[in-house]
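Observations on chain architecture
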Amino acid sequence: MGLVPLLRILPLGRTLRSKVVGHAGISLCGGEYSAILTAGEDFLAQVSLHNLYKRFGAVNAVNNLNLEIKDREFMVLVGPSGCGKTTALRMIAGLEEISDGDIKIGDRIVNRVSPKDRDIAMVFQNYALYPHMSVFDNMAFGLKLRRVPKDEIKKRVDDAAALLGIEALLARKPGQLSGGQRQRVALGRAIVREPQVFLMDEPLSNLDAKLRVQTRSELIKLHRRLGITTVYVTHDQVEAMTMGDRIAVMKDGVLQQCAPPMEIYARPANVFVAGFIGTPSMNFLPATLRKDGDGYRVDCGAFQVAAPTAQDGKLDSYAGKRVLFGVRPADIFDKNLTNPVASVSGNTVRTVVDVSEPMGDIITLYLTAGTHSLVATIDAETSAKDGQTLDIVLDLAKTHLFDAETEQAIY
């Protein structure tokens, strides 16, 4: 079978029950750690959800969820409040009973396995630190319950503190820490468990905006260093886009799409995903698809644009039917500026500027074209003013078309 790399990064000199056949030292936060290579013991930590249901009376909080989370992957569950993402996470943790289906961690079904025996560690939204305990004792508490030897506890806590840069805080109480420091302590408590899987339930939601951005990047680095399979829940699509190897978008308990971030952004499966991912949200305009010689045009009433010729093969069955035309604000340009897209008759629309919001390097424009409202993020060099007419250019190659009835993507 060859060498099997251990999923965890451990302090130099530590070994596992299996035979050590080699190691590669790396430096983390000033300390030396080893990625141990082992034989005879496979710590693959993929998480599999098969036909998973959670019912509360007649309500399906999670409805036939099927998801394969790969070994070492950082999977983000994202969606609005009430979509079922936290319920799914709690079922993986064993904190919520499943109504139907199976959950596998590694190669074993854990439906009836208690939370403490699932080899997972969870980081909660409110950190759940004991206020009367020091940072050291908070991080060590779970290990003490498991009767881990004292010298081993100290080594694990010291190693995690060094990794997170909180060595100087170990004697403090949670009330003496900032929000960001408390969040690191909660992470440290999870790390010392050396779990197969990290479960994180909106751990950044209590931080201010600046600290949230900083901690977000630290979490990404930490995952790359530790290589532990992580399932991360958030309602913030920016967190999802920047952190996840893949994103699972949920709505009303149903998985809408699971794909890498840029695939979700560029090729959303339906109207909900297209509108939820991206800030500002995608513009949606009711339209009719019409045949135009050898190609097609999208008739929005107040204006018409050409459908991308590369998509013609997908459009034959929709000729003459109602559709939804979608364009992202970032794919709209001021015709009067130098743009990556040249202005032609099939991609240019006359609008009126209702409101402009300077944002520094860009200006967000709220536009009207006939009865339609559009939002555009335009280069700040634009001379557009409120109340003025503005000709805009659409990057048609990046526009979208959706079935008006099913709301599924056509292209």
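Refer to the structure presented above.
A brief report on the enclosed structure follows. Each chain has its residues counted from 1, following the order in which its sequence is written. Local features in this predicted model are restricted to residues of pLDDT 70 or higher, and side-chain atom pairs are both shown and tallied only at a pLDDT of 80 or more, whereas totals for entire chains, interfaces and linings draw on every residue. As a convention, hydrogens and water are excluded, and side-chain values are obtained from all of the structure's heavy atoms.

A word on the pattern of salt bridges. Each salt bridge in this description consists of a side-chain nitrogen of Lys or Arg and a carboxyl oxygen of Asp or Glu lying within 4 Å of one another. Taken as a whole, this structure holds twelve salt bridges when the rule is applied. E96 serves as the salt-bridge partner of R90, at 3.4 Å between the closest nitrogen and oxygen. With relative accessibility at 29%, the residue R90 sits in the partly exposed group. A salt bridge links D391 to R350, with the nearest nitrogen and oxygen atoms 2.8 Å apart. Highlighted residues: D391 in strand β23 (residues 389-394) and R350 in strand β20 (residues 348-358), separated in sequence by 41 residues. Any residue under 20% of the maximum accessible area for its type is buried, any over 50% is exposed, and the rest in between are partly exposed; the area is computed with a 1.4 Å probe on protein chains only. For helices the rule is a DSSP run of H or I covering at least 4 residues; for strands it is a run of E covering at least 2, with both sets numbered from the N terminus onward.

Attention shifts here to unusual backbone geometry. Geometrically, the link from T279 to P280 is a cis peptide bond, its omega value of -10° lying close to zero. Residue placement: P280 occurs in the loop between α8 (271-276) and β15 (283-292). Phi angles above zero are rare outside glycine, and N51 is one such case at about 45°. For N51, the location among the structural elements is in strand β5 (residues 47-56).

Below, the discussion takes up the packing of aromatic side chains. Geometry of aromatic contacts follows a simple scheme: Phe, Tyr and Trp rings, the Trp one being its six-membered ring, pair when their centres are within 6.5 Å, and the pair is stacked under 30 degrees between planes, edge-to-face over 60, tilted otherwise. Inspection of the entire model under this criterion finds four aromatic pairs. A centroid spacing of 5.8 Å and a plane angle of 65° characterise the contact between F284 and F402, whose relative ring orientation is edge-to-face. You can see F284 sitting in strand β15 and its partner F402 sitting in strand β24 (residues 400-403), a full 118 residues away along the chain. On the accessibility criterion, F284 (28% relative accessible area) is partly exposed. In this structure F402 comes out as buried when scored by relative accessible area, which is 0%. For K321, the ring lying beneath its charged end belongs to Y318, and the centroid distance is 5.9 Å. Here, over-ring charges are defined by two tests on the NZ atom of lysine or the CZ atom of arginine: distance to the ring centre within 6 Å, and angle to the ring normal within 35 degrees.

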